[in-house]
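# Structural features, examined
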Amino acid sequence: SHIMSEYVRMTDTERDQIDQDAQMFMRTCADAIHQLRTEAHKGVQSAQVKEHRTAVLDFIEDYLKRVCKLYSEQRAIRVKRVIDKKRL
């Protein structure tokens with residue numbers, strides 16, 4: 001109830017800013033993962049270490065993709081609500 005009352009008080013401008021920040025953060029994370037992937041095997045001799053790093057980066061990248069999907073679904077709900085309000 002308390003959380004919902006805070007949500008209602010949030011302006012569209014604040015929501016848009018959160019969306020913008022979230023998208024920027026997701027891009028930054030994706031870029032960082034790409035950079036880590038590029039640098040992960042430099043100077044590493046052991047195949048086991050290379051395999052481990054690849055697996056960890058795959059896991060992190062998959063997690064980011066799932067977070068992005070959840071964010072997109074929530075944003076779509078918000079957009080649908082705005083469209084429905086305008087129709088009324």
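Residues numbered from 1 in each chain as written. Predicted model: local features only at pLDDT ≥ 70, side-chain atom pairs only at ≥ 80, totals over all residues. Heavy atoms only, no water.

Here the focus is the pattern of salt bridges. Enumeration according to the criterion identifies nine salt bridges in this entry. Two residues, Asp16 and Arg78, come together in a salt bridge whose shortest N-O distance is 2.6 Å. You can see Asp16 sitting in helix α2 (residues 12–39) and its partner Arg78 sitting in helix α3 (residues 47–87), a full 62 residues away along the chain. With relative accessibility at 43%, the residue Asp16 sits in the partly exposed group. Among the ionic pairs, Asp58 bridges to Arg37, the shortest N-O distance being 3.0 Å. One end of the pair, Asp58, is in helix α3; the other, Arg37, is in helix α2, and 21 residues separate them in sequence. On the accessibility criterion, Asp58 (37% relative accessible area) is partly exposed. On the basis of relative accessible area, Arg37 is assigned to the partly exposed category, the value being 25%. (Salt bridge = Lys/Arg side-chain N within 4 Å of Asp/Glu carboxyl O. Helix = DSSP H or I, 4+ residues; strand = E, 2+ residues; numbered from the N terminus. Buried < 20%, exposed > 50% of the residue type's maximum accessible area, 1.4 Å probe, protein only.)

Okay, α3 next. An α-helical turn contains 3.6 residues, so any two residues separated by three or four positions project in the same direction. Its 41 residues place the ends of α3 59 Å apart at the C-alpha level, agreeing with the 60 Å of an ideal helix rising 1.5 Å per residue. Residues of α3 that are buried include every one of Leu57, Leu64, Tyr71 and Arg78, and no others. Lining the buried residues of α3 we find α2. Here α3 starts with a cap whose side-chain oxygen sits 3.2 Å from the backbone nitrogen of Gln48, and that cap is Ser46. (Expected span 1.5 Å × (residues − 1). Contact = heavy atoms within 4.5 Å. Polar contact = N/O pair within 3.5 Å; in protein donor to acceptor, adjacent residues only side chain to side chain.)

It is worth spelling out a nonpolar patch on the surface at this point. Together, Val56, Phe59 and Ile60 line one region of the surface with nonpolar side chains, adding up to about 260 Å² of accessible area. Residue placement: Val56 occurs in helix α3. On the accessibility criterion, Val56 (34% relative accessible area) is partly exposed. (Patch = residues over 30% accessible without salt bridge, like charges linked within 9 Å, V, L, I, M, F, W, Y side chains within 5 Å. Areas by Shrake-Rupley, 256 points an atom, 1.4 Å probe, with all protein chains shown as cover.)

Before going further, it helps to examine the side chain of Arg15. Note on placement: Arg15 falls in helix α2. Residue classification places Arg15 among the buried residues on the basis of a relative accessible area of 13%. Here the side chain of Arg15 touches Asp12 through a polar contact of 3.1 Å, side chain to side chain.

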